[in-house]
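# Structure assessment
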Amino acid sequence: MAAILEVRDLRVEFPTRRGTLVALDGVSFSIAPGEVLGVVGESGAGKSMTGAAIIGLLEPPGRIAGGQVLLQGKRIDNLRYEQMRRIRGREIGAIFQDPLTTLNPLYTVGDQLTETMLTHLPINPAEAKRRAVEWLELVGIPAAAQRVQSYPHEFSGGMRQRVVIALALCAEPKLIVADEPTTALDVSIQAQVIALLKRLAREKGTAMMLVTHDMGVIAETADRVAVMYAGRIAEIGPVREVVKNPQHPYTAGLMASIPPLDRRVNRLAQIDGAMPRLSAIPQGCAYNPRCPKVFSRCAVERPELMDAGTTQAACWLHAKAMTDA
Amino acid sequence: MFAFIVSRILQSVPVLLVVALISFAMFAYVGDPVSIMLGQDFTEAQRTALVAELGLDQPFFVQFARFVGNAVQGEFGLSYRLSRPVAQLIAERAPATLELAFCAAGVALLVGVPMGVYTGLYPRSLLSRAFLTFSLIGVSLPTFLIGILLILVFAVWLGWLPSFGRGDTVALGWWNTGFLTRSGLKALILPAITLGLFQLTLIMRLVRSEMMEVLRTDYIKFARARGLTNRAINFGHALKNTMVPVITVVGLQLGAIIAFAIVTETVFQWPGMGLLFIQSVSSADIPVMAAYLLLIACLFVTINLIVDLLYYAVDPRLRAGRGKGH
């Protein structure tokens, strides 16, 4: 089936006084209809930036400097603001990290829902009101018919994130960009919200790009996963393969640093060093100064994604396999 | 809600009593009413009789209580200068000042808020920079100078608008309004601009900074991600959130506009309370000054109460704590 979203060689730059910072470099991936793509990585790896670039809401002065974003085969990265506005909410829904701050405190949740639907759907206000109640029920808010008139501050954090999910889905987009939707929530609530997102995405056939740094959430939810490092994709592949059998040393390091629950360990595994700042990305592979398997080529040439068994990894360790094939 | 209003009114009682005390003290320390009323020739017996008649031999607090009691009933005695009841004098002048003040506040709001929104939305545009420069002039030039400049340009050079007075007025009951005649409206333009200009620039700068603050919030980003129109985002979601601080300032400034219309009224010889006050000061007409002081205090207290009530109308988060709950 044709991809819902295709990102080709995306490059995002931030022009600053001290020169241009490259926040995303050569990011390519696609999401099939109904598929959930997890995007993981450390803070600053470019996960959220990728999401923002797709929905066309990069913080200025950040801008897309190269590559393409295609939604159902049509380019959307070069649209004008007004054309893109019609796509946001209608074709691509977005969920943000902190439900406490993403809802406007001065409008009832019902108003915010009907406003979104009336903006995008050819329905009348009475119908929008009816659907608003329906959506609140659908995301599991009890007594939805009364709660539709409540203000955001009258809901708990978890309930607010459910409202945010309803808002993102209410115009029935084909793709959801969820940027760390559970990071700000209690652990006990996280599972509920993830389960809800997963269920709704499946029922509505909505594809999802799920940005998070929580491997547990990814393993639970995603079909495929992309691991990002310093503005590039380090490894991408089916979630089981990436988790069980990581092909990029960085992914392996990430997986190893998840503490096991089934046995005691005296010392938690960690990756030494820190991710480079955008202004000081090393030559060659960005991961080479921290990589335990580094060899001469890594410091010179930058690896692109290449086939590495069941996944694709941007690592020279797999270069031989590629030339053989 | 009712309890809140009652508690705010009770809170304002001490404020008003303190102001009453100050106005009352003016009688005791600025001039002696007895000698003023007796003139040059009088006997000691006449003096004591008058003192007793006026109740000036009573203890301080009894006198003060009588003053407050009369003031509550709107009774402030006779003006020394005009020998007419003070309450009547103020009631005659109040419409002029109130009409001027509300027009000035209207100008400030209707021009200041859109300018603030525009400069907040497009902080780098040329027009925004022009507005900001203009506002700097508005803030830094003193009111009387602006008034005189406006008179020079529009009354003297161009001859479009009158330079002083209120024009023709129409009596609606006891309220003399200048809104219903052409000359009344024309006379209102220059003083209203003069009085409102400072507030206009203040409101513009306030709305601008609030707007820039609100536009950075997550809920505005989320509103964009929901694909709402710019119009809905800027004038609905963003502007409404800037309104709480704006209401505070506008409320306080409205009080200030009424209380300190004195300068503008003097420049334009506007027959309002401010001009009455200035004339009373120059002839040491204590009863008028005392009454004016109290009136202004009442006005500030009332406006503050209204401002507090408006918060409740605008911000649902304040309503939650009181009674309604979850």
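Residues numbered from 1 in each chain as written. Chains lettered and ligands numbered in written order. Predicted model: local features only at pLDDT ≥ 70, side-chain atom pairs only at ≥ 80, totals over all residues. Heavy atoms only, no water.

- Under an unreviewed UniProt entry, the name given to chain B is ABC transporter permease, and the organism recorded is Plastoroseomonas arctica.
- As recorded by UniProt, the Subcellular location (unreviewed entry) comment attached to chain B reads in full: "Cell membrane". (UniProt positions renumbered as here; feature names shortened; annotations may be inferred.)

- Chain A has the name ABC transporter ATP-binding protein in an unreviewed UniProt entry, where Plastoroseomonas arctica is given as its organism.
- Looking at chain A in UniProt, the text filed under Sequence similarities (unreviewed entry) is "Belongs to the ABC transporter superfamily."
- UniProt lists a comment for chain A under the heading Subcellular location (unreviewed entry), and it reads "Cell inner membrane".

### What to know about the interface of chain A and chain B
- With 27 residues of chain A in contact, the opposing surface of chain B contributes 25 residues.
- Both faces combined, the contact of chain A with chain B buries some 2,500 Å², and carbon together with sulfur accounts for 58% of it.
- If you sort the residues of chain A by the area they bury against chain B, L106, H153 and E154 of chain A come out on top, with a joint share of 24%.
- Between the two partners, chain A and chain B, sit one salt bridge.
- Its salt-bridge partner being K221 of chain B, residue E59 of chain A comes within 3.6 Å of it at the nearest N-O pair.
- Seen at the junction of chain A and chain B, the total is 14 residue pairs in polar contact (both at pLDDT 80 or more).
- Those elements that provide at least two residues to the side of chain A that touches chain B are α2 (81-87), β6 (92-95), α3 (99-102), α4 (109-120) and α7 (157-169) of chain A.
- Counting residues per element, the side of chain A that touches chain B draws most heavily on α4 of chain A, which supplies five residues. (Contact = heavy atoms within 4.5 Å. Buried area = accessible area lost by both parts, 1.4 Å probe. Salt bridge = Lys/Arg side-chain N within 4 Å of Asp/Glu carboxyl O. Polar contact = N/O pair within 3.5 Å; in protein donor to acceptor, adjacent residues only side chain to side chain. Helix = DSSP H or I, 4+ residues; strand = E, 2+ residues; numbered from the N terminus.)

### Considering the side chain of T108 of chain A
All names here are of chain A.
- Position of T108 relative to the elements: it lies in the loop between α3 and α4.
- Side-chain polar atoms of T108 contact the backbone nitrogen of D111, separated by 3.0 Å.
- If near-sequence neighbours (up to four positions away) are discounted, T108 is found in contact with V148, Q149, S150 and Y151.

### A look at the sheet that holds strand β2 (residues 19-31) of chain A
All names here are of chain A.
- Spatially, four strands are ordered β2-β1-β4-β5 in an open sheet, and the strand pairing comes out antiparallel. If you trace the sheet from one side to the other, it starts and ends with β2 and β5 (74-75), each paired once.
- Here strand β4 (residues 63-71) pairs with β5 via two bridges, running antiparallel. Among the inter-strand pairings, L71 is bridged to a residue of β5, identified as K74. (Pairing = 2+ DSSP bridges.)

### A word on a nonpolar patch on the surface
Residue and element names in this part refer to chain B.
- A grouping of F144, L145, I148, L149, L152, V156, W157, L158, W160 and V263 is seen on the molecular surface, where their side chains present a nonpolar patch of about 970 Å² in accessible area.
- It is helix α7 (residues 143-157) that contributes the most residues to the nonpolar patch, seven residues altogether.
- Its place among the elements puts F144 in helix α7. (Patch = residues over 30% accessible without salt bridge, like charges linked within 9 Å, V, L, I, M, F, W, Y side chains within 5 Å. Areas by Shrake-Rupley, 256 points an atom, 1.4 Å probe, with all protein chains shown as cover.)

### Quick notes on the packing of helix α9 (residues 218-225) of chain B against helix α10 (residues 230-259) of chain B
All names here are of chain B.
- Direction vectors running N to C along α9 and α10 enclose 160°, while the axes themselves pass 10 Å from each other. On the basis of their axis angle, the class for α9 and α10 is roughly antiparallel. Relative to α10, the crossing made by α9 is right-handed. Together, Y219, I220, A223 and R224 of α9 and N230, I233, N234, H237, A238 and N241 of α10 make up the contact between the two elements.
- When its residues are assigned to classes, the contact of α9 with α10 shows five nonpolar, four polar and one charged. (Axes fitted to C-alpha atoms, helices over the stretch in contact; angles between N-to-C directions. Parallel < 35°, antiparallel > 145°, perpendicular 65-115°, else oblique. Left-handed = near helix turned anticlockwise from the far one by under 90°. Nonpolar A, V, L, I, M, F, W, Y, C, P; charged D, E, K, R; others polar.)

### Section: the state of the cysteines
All names here are of chain A.
- All chains considered together, the criterion is met by zero disulfides over all chains.
- For the unlinked cysteine C285, the closest cysteine sulfur is that of C298, found at 6.0 Å.
- Left unpaired, C315 is separated from the closest cysteine sulfur, that of C291, by 6.0 Å. (Disulfide = S-S within 2.5 Å.)

### Here's the deal with the domain arrangement of chain B
All names here are of chain B.
- What the domain assignment reports for chain B is domain 1 (2-72) and domain 2 (86-324).
- Look at where the C-alpha atoms of domain 1 and domain 2 centre, and you get two points 34 Å apart.
- Tallying the contact residues gives 16 residues for domain 1 and 14 residues for domain 2.
- Taking both sides of the interface into account, the surface hidden between domain 1 and domain 2 amounts to around 1,300 Å²; carbon and sulfur atoms contribute 88%.
- If you sort the residues of domain 1 by the area they bury against domain 2, F4, L16 and M26 come out on top, with a joint share of 38%.
- If you look at where domain 1 meets domain 2, you find one salt bridge.
- Salt-bridge contacts for D308 lead to R8; the nearest nitrogen and oxygen are separated by 1.9 Å.
- Our count for the contact surface shared by domain 1 and domain 2 stands at one residue pair in polar contact (both at pLDDT 80 or more).
- Of all the secondary structure elements, the ones that give two or more residues to the side of domain 1 that touches domain 2 are α1 (2-29) and α4 (60-72).
- Counting residues per element, the side of domain 1 that touches domain 2 draws most heavily on α1, at 13 residues. (Domains from an automatic or database assignment.)

### Some points on the UniProt feature "domain: ABC transmembrane type-1" (unreviewed entry) in chain B
- Taking the UniProt record as the reference, the feature "domain: ABC transmembrane type-1" (unreviewed entry) is found at residues 94-311 of chain B.
- Segment residues 94-311 of chain B splits into 79% helix and 3% strand. End C-alpha atoms: 28 Å apart.

### Considering the UniProt feature "transmembrane region" (unreviewed entry) in chain B
Residues and elements named next belong to chain B.
- According to UniProt, the positions carrying the feature "transmembrane region" (unreviewed entry) are residues 12-30, 98-118, 130-160, 188-207, 246-270 and 290-314.
- Here residues 130-160 runs as 84% helix and 0% strand, with 26 Å between its end C-alpha atoms.
- Secondary structure over residues 246-270 splits into 80% helix and 0% strand, and the C-alpha atoms at its two ends are 29 Å apart.

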